[in-house]
Amino acid sequence: MNQELPNKVWSNPAFHEAAIAVELAWLRREVHAPLDVDTELRADKLMQAAAILACSKDAEHRRAAFRIATCSYELFAGSPKPFDQALRVVLTRLGNFPSILTRSAVAESLPRLPWHLAAEEISDAERRTVNVRGTETKLTNFQNNLWQSLNDGTTVAVSAPTSAGKSFVLQAFLTSDKGALSGRTIVYIVPTRALITQVASDITARLPRLKKDRPRVITIPLEADEELPEHSIYVMTQERAQLMLTSHPQFSADIIIVDEAHAVGEGARGVLLQWVIDDLLQRNPDAQILFASPNIKNLDIFGTLFGLPHVEIVSSDEPTVAQNFLIAEIETVSKGNIAVRTVGDGSVTPRLVSKLSVGHTLASRIEKLVHVAKHIGQGHSNIVYANGAADAEKLAMQLADLLSDREITPRRQALAKLSEEVVHGKYVLAGCLKRGIGFHYSFMPTVMRAAIETAFANGDLDYLVCTSTLLQGVNLPAKNIFMCKPEKGYLKPLESTDFWNLAGRAGRLLKEFQGNIFLIDYKSWDKQPLDGPKAADIVPSIESTLKHNSHRLLDVIASGTSIVGRPDQPDLESTFVRLLTDYRRGEIKATLRRAGMSPTSAPAKGIIDAIAGASTLVTLPTGVLRQTPNVSAHKQQRLFDILAQRIEEGGEKVAKKLVPSHPREDNAFKSYADILELCHGIIMGRDINRNLHKFHALMAQRWMRGTPLPAIIEAQLKKSPGKDTRKVIRDTLEVIEKQIRFETVRLFGCYTALLVHALGEAGMTDVIQTIPSVPLFLEVGASDKTMVSFIALGLSRIAAMKLNEISARKDLDVDAARHWLASRNLEELGLSSVLMDEVHNLLEAEDTIPEADADG
């Protein structure tokens, strides 16, 4: 079909009038308003128009074809007319084969198609059908292009809407004969610990059940004395990947996946991410890489940044699910009257859908979100966007109060029990879960977040209140999203690119054709994100620092070892350490060039001269500095000098006292407090008289000993009588996730690296062997080898803790822990139902379910 016919349809005013009528009718149904227009005749003709527009080369035509065809089908699916067949034709011509499976009637309509249309589909489908381990799967145009590029071994930079199906293709490739099954080593870098759990679980579930040579999914860095296994997929944050690179000089990757690759522009962690990728490429320049990001314009940045001669760009602006933006305007505050208007995909003039009354005062932002979401969201899956953790709890509590007459199903009861078991009996989440309401924020325990996500995806929960954590790659779509004055960070309005990323979660592939985003009281928002850009340009952190903070960077470089009281500036310090190590390796000019700065320019010469001066003051070897790349070289040098001096003056007796104690030793608290006092003063620039280091030492010891989180929280509640219980629990969760599992890991990692070097310089290699893996213990919240091994298998900390209590041996490695678990009768372990499911799913994925449990 040539372009003339689609253009003729598009230029017909009657077509647009009919399309608007059908879309408005569909939207009225969505907001539970009466259908007051007979549009079936128009829908019949619109289906014919959609079949023509689906063949257009114009993306706007194609998006309209999808929207009007799906609206028409869902409005009149019960009609004797063959709307199911017509929709199948449209989806086929759009190349959106996965969406055919959304409704069974459409999926089963192929035999009823006229022969020429059936032949057309079969021909198109063959070109987009791939074989994944014996199963034929039809892909969209975008998915097919990505699949072919990956299978060709090409390095790819991909950007597509959230609902484009990128993750499916990627995981299918990784678990295929071209991926892990080929014996290749894969490193999959994700931005958060929560995504480690999600991605590792998804990959494990997709791997075939092989009796031998089954690829191992590794999520926790291996100790330096552990042998690197073959056939492995490493799913890690950049911090964990950096530990692997440091402890294992032979560690390399054949395939590198960088999920949320735009994170190279996010401060110190962005500098580290770039560094990790550089190191992996240095160890294997022929590695295949996939850079994946949503809504990015300058995908070519990755070729420039990493010196890659060819990076294939694969992008798409055609989601497999359509999004509708609806503005809910408050007309009468006291009576709760609202007017819902559609702006289509965000670009059309507002059109009235319906006027509704929620029957409640809508004065505050909380009231607007709670009552509008409750009124419109009934019978659907709904995400309500919250501006922070406290806000999320309040919104969820009020929704649960409105829905207090709901049945407490066994599954909801089990989730509530898990909340009490994992967090605390007074955690407000439990009461919300019983009513089908969940909330979700960054420093909640991973096992709790994962259970909530699963329950929401399965329909056990139909309202989920989320913060900006949802923007960090979490795959959590819903039919409806509700927003009112959204923020990311305290009093910082959500940027337009984040807004469009969030909106992409509306609509679940294979569950519905369209999703809805309700913008409540939109005119009063501080920013109007619909008018802003959908895609952003990536600016790597090093480039941003060099261009916009060069004076502050020079100050950090020139500070020398007079750093007492100097605040922690990880963004600048990371750039300093990167430039210093590159200078010593003769690579600083290449680094500056890739960051968009000419090495011969005056600013570049000033930076190079400053780095040269700093290099004379810092005597630490480059390899030592790189072990803690986000701590200033000057600070590292100062801390090393103190440790070296103490060892020189006190000999081996003092040297042994400098070694961190094992968490179970009696003197562990004092050992950690002394170490953190040094680190807080030198690295963090804190006033040690505040004794924050002692508090962190106590929390770190409890956490590493495997103390249950409810017990840690209970101790904090007893220390804070009269304080808001909800706030104490939130603050404790935040301390564990941010201070203990991130900041303190960083500090102990730096201290340990410098202590090892100081002891090596003093010839005390035997003392080095006694240093425990405190950074690893802090990361996972365990120090018994058996408990760490259970966590390494993919189990949550709470499940690992309970299994560790049962096991008589505390020295099991990963293989022994797997064997121990597979040899047990799961019913006798005494786990709650959700934790039992977790263990069962792990064993099922690895095909190691005990015979006694295989059928039940």
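Residues numbered from 1 in each chain as written. Predicted model: local features only at pLDDT ≥ 70, side-chain atom pairs only at ≥ 80, totals over all residues. Heavy atoms only, no water.

**Q** Just checking my understanding: could you explain the sheet that holds strand β17 (residues 514–520) for this structure?
**A** Within a sheet, neighbouring strands are paired by backbone hydrogen bonds and run either parallel or antiparallel to one another. Strand order across the open sheet formed by 8 strands is β12-β11-β10-β17-β16-β13-β15-β14, with mixed pairing between neighbours. Across the chains shown, the open sheet's two edge strands, defined by having one partner strand only, are β12 (351–357) and β14 (437–440). For this sheet, the mean inter-axis angle between neighbouring strands, taken without regard to orientation, is 25°. Sheet topology note: the strand β13 (residues 382–385)/strand β16 (residues 480–483) ladder contains 3 bridges and is parallel. Bridged to I383 within β16 is I481. Packing against the sheet, helix α4 (residues 59–75) makes contact with β10 (322–332) and β17, and its axis sits at approximately 70° to β10. (Pairing = 2+ DSSP bridges. Helix = DSSP H or I, 4+ residues; strand = E, 2+ residues; numbered from the N terminus. Axes fitted to C-alpha atoms, helices over the stretch in contact; angles between N-to-C directions. Contact = heavy atoms within 4.5 Å.)

**Q** What exactly am I supposed to notice about the confidence of the model for the protein here?
**A** Should the pLDDT be low somewhere, the predicted coordinates at that spot are not to be read in detail. Model confidence for the protein is summarised by a mean pLDDT of 93, while 97% of its residues fall at 70 or above. For residues 849–856, every residue scores under 50 in pLDDT, and the model assigns this stretch 13 contacts once sequence neighbours within four places are set aside. (pLDDT = per-residue confidence, 0-100.)

**Q** Looking at this structure, how should I read the environment of A503?
**A** Looking at the secondary structure, you find A503 in helix α19 (residues 496–503). By relative accessible area, A503 is classed as buried at 2%. Along the chain, A503 and D254 lie 249 residues apart, while their C-alpha atoms are 35 Å from each other. When neighbours within four sequence positions are excluded, A503 is seen to be in contact with Q323, F325, I481 and I517. (Buried < 20%, exposed > 50% of the residue type's maximum accessible area, 1.4 Å probe, protein only.)

**Q** Help me understand helix α11 (residues 238–247), please; the structure alone is not making it clear to me.
**A** Turn by turn, an α-helix covers 3.6 residues, leaving residues three or four places apart pointing in a common direction. Of the positions making up α11, those classed as buried are Q238, R240, A241, Q242, M244 and L245. Looking at the buried positions of α11, the neighbouring elements they touch are β4 (186–189), α10 (193–206), β6 (232–236), α12 (267–283), α30 (725–761) and α32 (774–780).

**Q** Please clarify how the pattern of salt bridges should be interpreted in this entry.
**A** Between side chains of opposite charge, pairing is possible as soon as their charged atoms come close. Counting across every chain of the model gives 45 salt bridges. A salt bridge links K297 to D537; the shortest N-O distance between them is 3.9 Å. Of this pair, K297 sits in the loop between β8 (288–293) and α13 (301–306) while D537 sits in the loop between β17 and α20 (541–548), and the two are 240 residues apart along the sequence. A residue is classified by how much of its surface remains accessible, and K297, at 53% relative accessible area, is exposed. Residue D537 is classed as partly exposed on the basis of its relative accessible area, which comes to 47%. A salt bridge links K355 to E331; the nearest nitrogen and oxygen atoms lie 3.5 Å apart. Here the residue K355 occupies a position in strand β12, and E331 occupies one in strand β10, the gap between them amounting to 24 residues. (Salt bridge = Lys/Arg side-chain N within 4 Å of Asp/Glu carboxyl O.)

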